[in-house]
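Observations on the three-dimensional arrangement
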Amino acid sequence: MIRVSIDQLLDMTEGKLLQGPLSIEIHGVSTDSRAELSGRLFVPLIGERFDGHDFLPQAVARGAVAALWQENRPLPQGLDSRVAVIGVADTLLALQKLAKSYRRTLPAKIIGVTGSNGKTSTKDLIASVLSERFKVQKTQGNLNNHIGLPLMVLSLQQDTDVAVLEMGMSGMGEIALLADIAAPHIGVITNIGEAHIEYLGSRERIAQAKFELIEALAADGLALLFGDEPLLRRLSGKIPCRVQWFGFAEANDIRAVDVRSLGLEGTSFRLAGDPFEYRIPIPGAHQVGNALAAVAIGRELGMNREEIAAGLAKATLSAMRMEVKARPAGGYVVNDAYNASPTSMKAALRLLAETPDADFKAAVVGDMLELGDLAAQMHYEVGQLAGQLGIDLLVAVGQHAAAVAAGAKAGGMRETQIFVADSKQQAVDHVCARVAEKRQPVILVKASRGMKLEEVVTGLLA
C-alpha cells in the first residue's frame, strides 16, 4: 500500500499543510472513520446524506495520523496538533489525484476489466490464472467506481507483479476517469448488455462508454474484446493498440470449442486447434467466455497452458456470484444475487435448465434495475424464456413481478408453476413448500443488488 511522507502528499494532492509536521509518514488510505486507521490517511468525502469532515475526531481516535480537508472548512476545535491536515479544494478529486500519482510509481502491470455482465467473474478468473506465476492483487468487493478504484490503487503493494482492476460505470466519461487513474496495460471488455440503459439510452451508447477503457490504452498495450458482440466489432477502428478477439464464433482469435457442462461442478472446454482441455469449477457456458480472457492474458504474459489450466481449475468467484450452496433438506441453492441484467438473467436461467440430476428446477427472480422504459418488456422476456426452458417453478418478487409472470405464462408455463410473491419471506415459504418432497431440487436466486435477494438464499438454506 502507499507509504509516503506528508511532504510527498502535499505534492501528490496539490494541497497545502494546514497543521502538523512534515515528517509524518502515512501507510494506507481510508475513507471510513470506523475502520482501523493506525498510521493511515483519512479522506473525508461528502455524500448526499453525510459529510466525512464531521468524523475527523473519530478517525483520529481510530489511529489516523493525517487527513485531507476541504480548505474552506474550519478545523475541529481541540484537534491534536500532531495530526497532519492537508487542505485541498475537493477531497474526492484529491483522492483521485493521489491514486493517479501513486500508480505512476508502481512497476506492476495493470489489467482493466469492464463489461455489462461478467466483469467481476472475469477479474476473478484472470487473477486466479496469473497467481500461478505472479504476485497478483485484484479489486476487492465493489471498489470499482470513482471512489473505490482510487482506494484499490492506493492499496497496491510495490512488489505486486500484476493488478487486475474492475471498472464499473453508469454513464459516459466514468470509465475514462478510471482508466486515467489506473493507466492499464491491458483492457478487457467482456460484453455489452442492457445494464444502465436507463441512463445511456441504447446499447450503442453503452458500448461507447465501455470502450473508453480501450481508447485509454497506450500504443504498446493490448485490447481483449468479446468478439461475438457486433457493437464492439463496429468500434474496432478506435482501437489504439494490438487487439485480440475472444469468444465462440469462428472469427475470434481465441475461440472456445467442445464446451461441455459438468452440472453444478463447472464447465470444460478446449481452444480451437488445441486438444488440451480446460476446466473451470463454475457452472454455466457463459462463464467460458470470461475464462477465455484469462487464457489470453496468461498467454500474453508468457504462461504455459498447464499453468493456465491450473489457475482456472482453482478459480473461485466473489460472493453471491453463481455460488452453489447445499441445502440441509437436500438439493442446492445457486446464489447469484449480487446483480442482474437481462443478459445475465437469461444466462442463469439457461444454466438452471441445463443442470443435470435435478428432480426439480426452481427460480426466484427479482427486479433488474436501471432499465428505464424497457423494464416491463425485459422482465416479460425473462419470464417468457423461463417458460420456454421448461423450468418447474418460477417465483417473481418485486415491482416487475407481474411482467415476469405474464411472460412465463406466454412462454408455456402453467399457472400452477408461476407464483408472484408479495415479500421475500413469502417467496421462501412457497419454494420450501414446493420442494419439500423433492430429493434433489436446484433453486436459482437472482436479482439486481438493490433487491437484496441474499435474504431469500438465507431462508432457503435454513
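Scroll up to find the structure.
Reference entry: report on the structure contained in this document. Residue indices follow the written sequence of each chain, beginning from 1 at its first position. Two thresholds apply to this predicted model, a pLDDT of at least 70 for residue-level local features and 80 or more for giving and counting side-chain atom pairs, whereas whole-chain, interface and lining totals are computed over all residues. As a rule here, side-chain values cover all heavy atoms of the structure and leave hydrogens and water aside.

A separate point is the nonpolar core. Only buried Ala, Val, Leu, Ile, Met, Phe, Trp, Tyr and Cys residues count toward a nonpolar core, and they belong to the same one when joined by side-chain atoms within 4.5 Å. Each residue gets one of three labels from its accessible area relative to the maximum for its type: buried under 20%, exposed over 50%, partly exposed in between, using a 1.4 Å probe on protein chains only. By size, the foremost hydrophobic cluster in this structure holds 124 residues, and its most contacted members are Val 29, Ile 111, Val 188, Phe 269 and Leu 312. With sequence-adjacent residues up to four places away left out, Val 29 is seen in contact with Ile 2, Arg 40, Leu 41, Val 43, Leu 95, Leu 98, Leu 151 and Leu 154. Formed by 22 residues, the second largest nonpolar core is a distinct cluster that contains Ala 362, Leu 453, Val 457 and Leu 460. Between two residues, a contact is recorded if the distance between any of their heavy atoms is within 4.5 Å.

Here the focus is the sheet that holds strand β12 (residues 222-226). Taken together, the 9 strands give an open sheet; going across it, the order is β9-β10-β8-β11-β12-β13-β14-β15-β16, and neighbouring strands pair in mixed fashion. Taken across any chain shown, the strands that pair with only one partner, and hence form the sheet edges, are β9 (136-138) and β16 (277-280). Between one strand and the next, the sheet's axes are offset by a mean angle of 20°, whatever the strand orientation. The sheet contact formed by strand β11 (residues 186-189) and β12 spans 4 bridges and is parallel. Bridged to Ile 186 within β12 is Leu 222. Working convention: axes come from line fits to C-alpha atoms, limited for helices to the stretch in contact. Angles between N-to-C directions cover 0 to 180 degrees. To qualify as a helix, a DSSP run of H or I must reach at least 4 residues; to qualify as a strand, a run of E must reach at least 2; elements of each kind are numbered from the N terminus. Contacting β8 (109-114), β11, β12, β13 (242-247), β14 (254-261), β15 (267-271) and β16, helix α11 (residues 286-300) runs over the sheet at an angle of about 50° to β15. One bridge is not enough; two strands pair if DSSP finds at least two bridges between them.

Side-chain rings of Phe, Tyr and Trp (the six-membered ring for Trp) are treated as a pair once their centres are within 6.5 Å; stacked means planes under 30 degrees apart, edge-to-face means over 60, and tilted covers the remaining angles. Under the defined criterion, the tally for this structure stands at 3 aromatic pairs. A ring pair is formed by Phe 226 and Phe 246, whose centres lie 5.9 Å apart and whose planes are at 55°; its orientation type is tilted. Highlighted residues: Phe 226 in strand β12 and Phe 246 in strand β13, separated in sequence by 20 residues. Of the two residues, Phe 226 and Phe 246, both sit in the buried class. Consider the rings of Phe 269 and Tyr 278, whose centres lie 5.5 Å apart with planes at 20°: the pair is stacked. In this pair, the class of Phe 269 matches that of Tyr 278, namely buried. A connected cluster of aromatic rings, assembled from ring pairs, spans Phe 269, Phe 276 and Tyr 278. For Arg 233, the ring lying beneath its charged end belongs to Trp 245, and the centroid distance is 4.1 Å. Residue placement shows Arg 321 over the ring face of Tyr 338; its charged tip is 3.6 Å from the ring centre. A ring has a charge above it when a Lys NZ or an Arg CZ is no more than 6 Å from the ring centre and no more than 35 degrees off the ring normal.

Glancing now at helix α12 (residues 305-313). Taken together, the buried positions of α12 are Glu 307, Ile 308, Ala 309, Gly 311 and Leu 312. Those residues of α12 hidden inside the fold are in contact with α4 (119-130), β15, β16 and α11. In protein, a polar contact means a hydrogen-donor-capable atom and an acceptor-capable atom, both N or O and within 3.5 Å, with residues adjacent in sequence counting only if both atoms are side-chain atoms; elsewhere, any N or O pair within 3.5 Å suffices. Two or three places before Glu 306, at the start of α12, stands the capping residue Asn 304, its side-chain oxygen 3.1 Å from that residue's backbone nitrogen.

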